[in-house]
Amino acid sequence: MLFRRLLPAIAAVAALALASACGSGGDDTLKGKAEDGELTIGIRFDQPGLGQRRLDGKFVGFDVEVAKYVAGKLGVPESGITWKEARSADREKMIADGSVDFVVATYSITDKRKEKVAFAGPYFQTGQGILVRYTEEDITGPETLNGKRLCSVTGSTSAQKVASEFAQGVELVEYGQYSDCVTALLAGNVDAVTTDEVILAGYVAENPELLKLVGNTFTTERYGVGLAKGDSAGRAEVNAAIEQMVGSGEWRKALERNIGQAGVQLPEPPRVTEK
Ligand code: GLU
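The rules behind these values
- Residues numbered from 1 in each chain as written.
- Predicted model: local features only at pLDDT ≥ 70, side-chain atom pairs only at ≥ 80, totals over all residues.
- Heavy atoms only, no water.
- Buried < 20%, exposed > 50% of the residue type's maximum accessible area, 1.4 Å probe, protein only.
- Helix = DSSP H or I, 4+ residues; strand = E, 2+ residues; numbered from the N terminus.
- Arc of directions from axis to C-beta.
- Contact = heavy atoms within 4.5 Å.
- Pairing = 2+ DSSP bridges.
- Near = heavy atom within 4 Å.
- Polar contact = N/O pair within 3.5 Å; in protein donor to acceptor, adjacent residues only side chain to side chain.
- Areas by Shrake-Rupley, 256 points an atom, 1.4 Å probe, with all protein chains shown as cover.
- Core = buried A, V, L, I, M, F, W, Y, C linked by side-chain atoms within 4.5 Å.
- Patch = residues over 30% accessible without salt bridge, like charges linked within 9 Å, V, L, I, M, F, W, Y side chains within 5 Å.
- Salt bridge = Lys/Arg side-chain N within 4 Å of Asp/Glu carboxyl O.
- Lys, Arg positive; Asp, Glu negative; His and termini not counted.
- Charge placed at Lys NZ, Arg CZ, Asp CG, Glu CD.
- pLDDT = per-residue confidence, 0-100.
- Phe/Tyr/Trp six-rings, centres within 6.5 Å; stacked < 30°, edge-to-face > 60°.

Visitor: Please clarify how helix α10 (residues 250-259) should be interpreted in this entry.
Guide: An α-helical segment advances 3.6 residues per turn. Residues three or four places apart therefore align on the same side. All of the buried residues in α10 are Trp251, Ala254, Leu255, Asn258 and Ile259. Within α10, the buried residues cover an arc of 100° as seen down the axis, which keeps them to one side. Elements in contact with the buried residues of α10: α3 (62-73), β7 (117-126), α8 (197-206) and α9 (232-247).

Here you go:
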């Protein structure tokens, strides 16, 4: 009798064990997730040169190439990748709730973010800069922003920097993505846009007669590949892929292909430190 009553529970436990043994992807590590030849990767859709969804539906940019290289090393071809947009404010959540397997999206490595996610890399280094309209004469750097409307993106280190360092004198306007800041700048609704120079340079390359960069960079941003906290095996695999991409010369080629026209000095590859 007791056994009969327990039967459904036993069956459920057996079914669970079976599902985890031969379900898609085997286990919770990045390697396990890649086992079925498919991965979901978070990138940006609106950042020329880095992560961009073209009108024909193709995804292009340096971050996209890094993502494809890493996926390839995990045994997943481009046809097995599902791309998802991972905006600044959504990245930690998307990694933590499993809606993406990893993120390559101009994602700066910070201690605060490390409380929620793990990082591999870095694979790129840049710094925060300022973008203005081509005709702008008053704004020449961060120290000339007083009384101006400055646009950045919610959840970014760039907006945090403004809030912590220029908050008294500057009116911070926050949008969900940088392309909206650039639209607001071109329309005259804000006076400047701030984020990483390499991102801003991509917009300048698209509109060189309307936009320009001013001043020097004033932070250091190290881009990492974000993945589930605690997946140290996954991190080691991604680090190995980044090191191979650099060592094989593919890293520099991808950088030249995607960022070469943007008019910023191409940096040397950073050393992988997130071990
Ligand atoms: N790299 C900075 C960050 O991770 C700014 C760029 C972005 O918002 O993606 O917050």
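Visitor: Explain the sheet that holds β7 here, please?
Guide: To summarise the sheet geometry, strands pair through backbone hydrogen bonds and adopt either a parallel or an antiparallel arrangement. Spatially, five strands are ordered β5-β1-β6-β13-β7 in an open sheet, and the strand pairing comes out mixed. Each end of this open sheet is capped by a strand with a single partner; those strands are β5 (81-85) and β7. Here strand β6 (residues 102-103) runs beside strand β13 (residues 221-228); their pairing, made up of two bridges, is antiparallel. The residue bridging Phe102 from the neighbouring strand is Leu227, located in β13.

Visitor: Honestly, the site of the ligand in this entry has me stumped. Any pointers?
Guide: Ser88, Thr106, Ser108, Tyr178 and Asp196 are the nearest of the 16 residues found near the ligand. In this structure, Arg44 approaches the ligand through a side-chain N or O atom, which is 2.9 Å from an oxygen atom. One nitrogen or oxygen atom from the side chain of Tyr178 is found 2.6 Å from an oxygen atom belonging to the ligand. Coverage of the ligand by the protein chains reaches 100% of its 280 Å² of free accessible surface. Within the residue set of the shell around the ligand, elements represented by two or more residues are α6 (157-165) and β11 (192-196).

Visitor: Quick question: what am I supposed to make of the environment of Gly147 here?
Guide: Here Gly147 shows up in the loop between β8 (128-133) and β9 (149-153). Look at Gly147 and you get exposed, because its relative accessible area is 69%. Taking the C-alpha atoms as reference points, Gly147 and Gln125, separated by 22 residues in sequence, lie 30 Å from one another.

Visitor: Help me understand the nonpolar core in this model?
Guide: Within soluble globular proteins, side chains that are nonpolar generally end up buried alongside one another. Among the nonpolar cores identified, the biggest contains 56 residues, and Leu39, Ile41, Phe62, Phe102 and Tyr123 are the most heavily contacted of them. Considering every element that reaches this core, the biggest residue donor is α3, with seven residues. What Phe102 contacts, discounting residues up to four positions off in sequence, is Leu30, Leu39, Thr40, Ile41, Gly42, Ala67, Val70, Ala71, Leu74, Val225, Gly226 and Leu227.

Visitor: How should a negative patch on the surface be read in this particular structure?
Guide: On the surface, a cluster of negative charge is made up of Asp27, Asp28, Glu35, Asp36 and Glu38. As for its position among the elements, Asp27 is in the loop between α1 (2-22) and α2 (30-34). The partly exposed category is assigned to Asp27, whose relative accessible area is 42%.

Visitor: Mind showing me how you'd approach the confidence of the model for the protein chain here?
Guide: Should the pLDDT be low somewhere, the predicted coordinates at that spot are not to be read in detail. Mean pLDDT over the protein chain stands at 92; residues scoring 70 or higher make up 90%. The low-confidence segment residues 16-25, where pLDDT is below 50, has seven contacts with residues more than four positions distant or belonging to other chains.

Visitor: How should I be thinking about the sheet that holds strand β2 (residues 46-47) in this particular structure?
Guide: If you walk across this open sheet you meet the three strands as β2-β3-β4, and the pairing is antiparallel. Each edge of the open sheet carries a strand with a single partner, namely β2 and β4 (59-60). With two bridges joining them, strand β3 (residues 51-53) and β4 adopt antiparallel strand pairing. Bridged to Gln52 within β4 is Val60.

Visitor: Is there a simple way to think about the packing of aromatic side chains in this case?
Guide: Centre distance and the angle of the planes are the two values used to describe a pair of aromatic rings. Here the structure, examined in full by the defined rule, presents eight aromatic pairs. Between Phe62 and Tyr123 the ring centres are 6.2 Å apart and the planes differ by 40°, which places this aromatic pair in the tilted class. On the criterion of sequence distance, the pair formed by Phe62 in helix α3 and Tyr123 in strand β7 is long-range, its members being 61 residues apart. Each member of the pair, Phe62 together with Tyr123, is buried. Feature note: the residues Phe62, Tyr123, Phe124, Tyr223 and Trp251 constitute an aromatic cluster, connected by ring pairs.

Visitor: When you look at the pattern of salt bridges in this model, what are you seeing that I'm missing?
Guide: For the structure shown, the criterion picks out 16 salt bridges. With a shortest N-O distance of 2.5 Å, Glu65 and Arg257 are connected by a salt bridge. Residue Glu65 is located in helix α3, and its partner Arg257 is located in helix α10; the two are separated by 192 residues in the primary sequence.

Visitor: What's the story with the pairing of β8 in this structure? I'm lost.
Guide: Each regular strand displays side chains that alternate between the two surfaces of the sheet. Here β8 lies mainly inside the structure; five of its six residues are buried. Two elements, β8 and β11, share four bridges in a ladder whose sense is antiparallel. Note on β11: the bridge partner recorded for Gly129 is Thr195. Strand direction decides the pairing type here: β8 and strand β12 (residues 211-214), joined by four bridges, are antiparallel. The residue of β12 that forms the bridge with Val132 is Lys212.

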